[in-house]
Structure formats: structure tokens, C-alpha cells
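# Structural overview for review
Listed below are the residues making up each chain.
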Amino acid sequence: MRYRDIYPNRDPRAGSDREKWQKLRDRVIRREPVCRQCGRRASVEVHHIEPVVRRPDLALAWKNCLPCCRECHQRLDRGVVKPKRDPPPRP
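We now turn to the structure provided with this report. This is a predicted model, so every value here is computed, not measured.

## A look at the overall build of the protein
When helices and strands are counted, the protein shows three helices and two strands. Tracing the protein from N to C terminus, the helices and strands come up as α-α-β-β-α. Split into buried and exposed, the 91 residues of the protein put 34% on the buried side. As presented, the protein carries roughly 6,500 Å² of accessible surface, and 48% of it is formed by carbon and sulfur atoms.

Written out as C-alpha cells, the structure reads:
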């Protein structure tokens, strides 16, 4: 069973929250244009550190977003690596 089947109106990618999620995602990627996991490739995706299924209250929280490249995002989703929670220091 998927999250959106249980909570159809609270999925960050559906309904009224879709626009909020897209704006947050774009801001996160603009703030950290390099993948936080590997530090080599461009950030093109955003991973939820705490899964939305377990923590729907953090679905649109800045601190729960991790900008990453596609390869690292796949590895994070499969559980191969643990997410790096701390962002790099700001210059």
C-alpha cells in the first residue's frame, strides 16, 4: 500500500501541496546545486531524509530535504547508503 492510498490529500506531489513541494524542491536545489551525498554531480533530485510515509508532517519541511544526484537518490531509496543530514558549511 502506498502513502497516497492512505492519505490521498496529504501527498506532497498531489493536490494543493504539489505546488508547494515543487517550489520547495526548486529552492533546495538552488541552495545546494551539488549533490550532498557524493559532492561530485549536480543536484537534480531531492530525497526525504525521514520518509513521507513515516513522517507526513515533515513532507514539506526544509530540514527533511536532501539535494542529490539521480544515482545517489536511487542508492538512498534502496537503503544502500545513509543520508548525510548536515549541509555543507556556508561560505
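## As for the environment of V46
Summarising the element assignment, V46 is placed in strand β1 (residues 45–48). It is 6.4 Å that separates the C-alpha atoms of V46 and R25, two residues lying 21 residues apart in sequence. Sequence-distant contacts of V46, that is, excluding residues within four places in its chain, are made with W21, R25, V28, I29, C65, L66, P67 and H73.

## Some thoughts on the side chain of Q37
With respect to the helices and strands, the residue Q37 is situated in the loop between α2 (17–31) and β1. A polar contact of 3.4 Å, which involves the side chain of Q37, links it to the backbone oxygen of K82. Looking at Q37, its side chain comes within polar contact range of the main-chain nitrogen of K84, at 2.6 Å. If we ignore the near neighbours within four places in the chain, the residues touching Q37 are L66, C72, L76, V81, K82, P83 and K84.

## Some words on α2
In this model, α2 (15 residues) spans 21 Å end to end at C-alpha, consistent with the 21 Å of a helix rising 1.5 Å per residue. For α2, the set of buried residues is D17, W21, L24, V28 and I29. Buried residues in α2, looked at end-on, bunch into an arc of 130 degrees, giving them a common side. The outward face of α2, more than 90 degrees from its buried face, is lined by the exposed residues E19, K23 and R30. Buried residues in α2 make contact with β1 and β2 (65–68).

## A few points about the pairing of β1
Burial of β1 is two-sided: the residues E45 and H47 facing one way and the residues V46 and H48 facing the other way are all buried. Here four bridges tie β1 to β2, and the two strands are oriented antiparallel to one another. Within the sheet, the bridge partner assigned to H48 lies in β2 and is C65.

Analysis parameters
- Residues numbered from 1 in each chain as written.
- Predicted model: local features only at pLDDT ≥ 70, side-chain atom pairs only at ≥ 80, totals over all residues.
- Heavy atoms only, no water.
- Helix = DSSP H or I, 4+ residues; strand = E, 2+ residues; numbered from the N terminus.
- Buried < 20%, exposed > 50% of the residue type's maximum accessible area, 1.4 Å probe, protein only.
- Areas by Shrake-Rupley, 256 points an atom, 1.4 Å probe, with all protein chains shown as cover.
- Contact = heavy atoms within 4.5 Å.
- Polar contact = N/O pair within 3.5 Å; in protein donor to acceptor, adjacent residues only side chain to side chain.
- Expected span 1.5 Å × (residues − 1).
- Arc of directions from axis to C-beta.
- Pairing = 2+ DSSP bridges.

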